[in-house]
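In case you want the letters, here they are:
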Amino acid sequence: MPRSAVAIALPPLEFEAVRDHLAEAGYDAILVRDALELKTLLRSRDDIKVAILDGETDFDATLEMYSHLHEGDRDIAALLLMPPLALGRMDIGGKGYIKDEYFTRPYSAESLRWRIEAMVIRVENVSAEFTTEGVMDADLQGPAERPAADGLVSDEASSERKRGKIIIVFNPKGGVGKTTISINLGAALQIRKRQRVLLVDCDTLTGHIALSLGLESPRTLARAWREAAKSGKEESIAQIAAVHNSGLSVLRLASSPLHTEILEPTRVVNLIMAARDSYDWLVLDMHPDYGPLNQALFSQADRILVPVTPDVPCIRAAVQFREVAVELNIRDRLTMVINRFNSGVAASDVQRVVALSALARVRSAGMLFVRASDEGKSAVERFPDSKVVGDIETLAERLMAGVDADDSLGGGLAPRERIRGSFKGLFDRLTAQVS
Ligand SMILES: Nc1ncnc2c1ncn2[C@@H]1O[C@H](COP(=O)(O)OP(=O)(O)O)[C@@H](O)[C@H]1O
Ligand SMILES: [Mg+2]
């Protein structure tokens, strides 16, 4: 059963090449030879998600087809082939209306497949209320106000003092590198940058930070709080946390997925907020869910790093999280870390699809992380000269410098002016000239 359909108005030979790649990705590719065929097709099927239009071979026909894509309530994304010169003159250079994209000849059929894949993911994930200005504004708005969660310790009194930054590492998909990046980012900041780091394993279900760092059953927050309930003596995180021989402080919330009721979200968040006085960086490795604890932690994070591996399921998960983040009003704190970047889609494409900028990339390192954790070490200690540790160190440096994005990766979000000059407006101007 095809996932969705793509209408393609390309010359037959080009169509065939593109169709084969799209079929591999599970899409139904349908050839349309003229505007009338497209019109008829759109009346008979409602699963057409994207149309590839050839504005180079026949521009007038393309304009007509484009109008069919937007007839009445219909709003189908277009991937438009344009002559390079026209793109330059129009000053849209591939970034126009949020849903439309552009490409030029020569192109590879395989690269079109990834563009289509990316567009369909966006079309499916961008909910109706965000399809036009909503997304642009959400993408471009300034830092959101932090919601004042009830019962949380006020920040105001000690805002003068230097306080540690809370870095959350999260993606709703498992196996994408959250724990690996948390451990090694923490180690790089602690060992290489001489920062005071607290690494918190907030994954009470599958967390394995302590194990990876060779810490045998360290005291957990849940246990410390149960003891406090009996003794009446509350301890700080610095007293509860274990210290790894690299100097890294490690706190595990619970050792068993059962009996975690004591970890009341507001109380956990307050304790972590208080620990900002004792550490420069608090790196939180999360369980992939949107439960109350995670939401409470998100609301207080300074940065949320989203590891994304360049494959479709992971990209989909990141798009979902970006949408959720808009709702939670934390969208402006998200930045991606492209993990295993040398194995799949280009960084610029990942950024364009997910509509988040990337702060750094981490290469695929074979078994190196596994070997380090078998010895109870971070890769930063065990393989200090490896390239992947260099990638992690770069990430640490960018966080310390307060950088938002790595501009060299390309494909970041379009500046406001460019997005404002949307293809829709351009299309209106062009049709006015033609008719
Ligand atoms: N860049 C990488 N190179 C090689 N292996 C990696 C890389 N990132 C993650 N891994 C491996 O992938 C697996 C899943 O990573 P993990 O950090 O546990 O993911 P998550 O915490 O998101 O579930 C682990 O075995 C880890 O060693
Ligand atoms: Mg994990």
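Residues numbered from 1 in each chain as written. Chains lettered and ligands numbered in written order. Predicted model: local features only at pLDDT ≥ 70, side-chain atom pairs only at ≥ 80, totals over all residues.

Let us now look at the confidence of the model for the protein chain. In the predicted model, the protein chain carries a mean pLDDT of 84, and 81% of its residues have values of at least 70. This model gives residues 127-151 a pLDDT under 50, and the stretch forms 27 contacts once residues within four places in sequence are excluded. The low-confidence segment residues 154-160, where pLDDT is below 50, has zero contacts with residues more than four positions distant or belonging to other chains. (pLDDT = per-residue confidence, 0-100. Contact = placed C-beta atoms within 7 Å.)

With that settled, consider the site of ligand 1. In the region of ligand 1, 14 residues are neighbours, and Gly177, Lys178, Thr179, Thr180 and Phe369 sit closest. Those elements giving two or more residues to the shell around ligand 1 turn out to be helix 7 (178-192) and helix 15 (368-374). Examining the composition of the shell around ligand 1, we find that three residues originate from one element, helix 7, more than from any other. Taken together, the residues of the shell around ligand 1 break down into five nonpolar, seven polar and two charged. (Near = placed C-beta within 6 Å. Helix = DSSP H or I, 4+ residues; strand = E, 2+ residues; numbered from the N terminus. Nonpolar A, V, L, I, M, F, W, Y, C, P; charged D, E, K, R; others polar.)

Let's shift gears to unusual backbone geometry. In this chain, Arg105 is followed by Pro106 through a cis amide linkage whose omega measures -5 degrees. If you trace the backbone, Pro106 turns up in the loop between strand 5 (101-103) and helix 5 (109-125). Its identity as a non-glycine residue notwithstanding, Arg194 has a phi of 55 degrees, on the positive side. Assignment of secondary structure puts Arg194 in the loop between helix 7 and strand 7 (197-201). A positive phi angle is found at His259, which is not glycine, with a value near 55 degrees.

Looking now at the sheet that holds strand 13 (residues 358-362). Spatial ordering of the open sheet is given by 8-9-7-10-6-11-12-13, a layout of eight strands whose pairing is mixed. A strand with exactly one partner marks an edge of an open sheet, and here the two such strands are strand 8 (242-243) and strand 13. Where strand 6 (residues 165-169) meets strand 11 (residues 303-308), three bridges bridge the pair, whose relative direction is parallel. Residue pairing across strands places Val169 opposite Leu305, the latter belonging to strand 11. Most of the contacts of helix 7 go to strand 10 (residues 281-285), to which it runs at about 165 degrees, and overall it touches strand 6, strand 7, strand 10, strand 11, strand 12 (334-339) and strand 13. (Pairing = 2+ DSSP bridges. Axes fitted to C-alpha atoms, helices over the stretch in contact; angles between N-to-C directions.)

So, about the environment of Gly247. The residue Gly247 is located in the loop between strand 8 and strand 9 (249-252) in this model. For Gly247, a count of 13 C-beta atoms within 10 Å puts it in the partly exposed group. Gly247 sits 60 residues away from Ala187 along the chain, and the two C-alpha atoms are 8.4 Å apart. (Buried ≥ 20, exposed ≤ 12 C-beta atoms within 10 Å, placed from the backbone.)

Turning to the pairing of strand 7, a few remarks are in order. Across the five residues that make up strand 7, a large majority, five, are buried. Along strand 7, one buried face is formed by Val197, Leu199 and Asp201 and the opposite face, lined by Leu198 and Val200, is buried too. Judged from the five bridges that link them, strand 7 and strand 10 form a sheet pairing that is parallel. When the bridges of strand 10 are listed, Val200 appears paired with Leu284. Sheet topology note: the strand 7/strand 9 ladder contains four bridges and is parallel. For Leu198, the partnering residue across the bridge sits in strand 9 and is Ser249.

So, on to the packing of helix 2 (residues 35-44) against helix 3 (residues 59-69). Taken N-terminus to C-terminus, the directions of helix 2 and helix 3 make an angle of 15 degrees; their axes are 9 Å apart at the nearest point. Between helix 2 and helix 3, the interaxial angle falls into the category roughly parallel. Considering only the axes of helix 2 and helix 3, their crossing is right-handed. Residues Ala35, Leu38, Lys39 and Leu42 of helix 2 lie in contact with helix 3, whose contacting residues are Ala61, Glu64, Met65 and His68. (Parallel < 35°, antiparallel > 145°, perpendicular 65-115°, else oblique. Left-handed = near helix turned anticlockwise from the far one by under 90°.)

Turning our attention to the sheet that holds strand 3 (residues 48-54). Pairing is parallel across the open sheet formed by five strands, whose spatial order is 2-1-3-4-5. The open sheet has two edge strands, strand 2 (28-31) and strand 5, and neither has a second partner. Pairwise comparison of adjacent strand axes, ignoring direction, gives a mean angle of 20 degrees for this sheet. The pairing of strand 1 (residues 5-9) with strand 3 spans five bridges and is classified as parallel. The residue bridging Ile8 from the neighbouring strand is Ile52, located in strand 3. Packed onto the sheet, helix 2 meets strand 1, strand 2 and strand 3 and runs at close to 170 degrees relative to strand 1. Contacts between helix 3 and the sheet are confined to strand 1, strand 3 and strand 4 (77-81), with strand 3 contributing the most and set at about 170 degrees to the helix.

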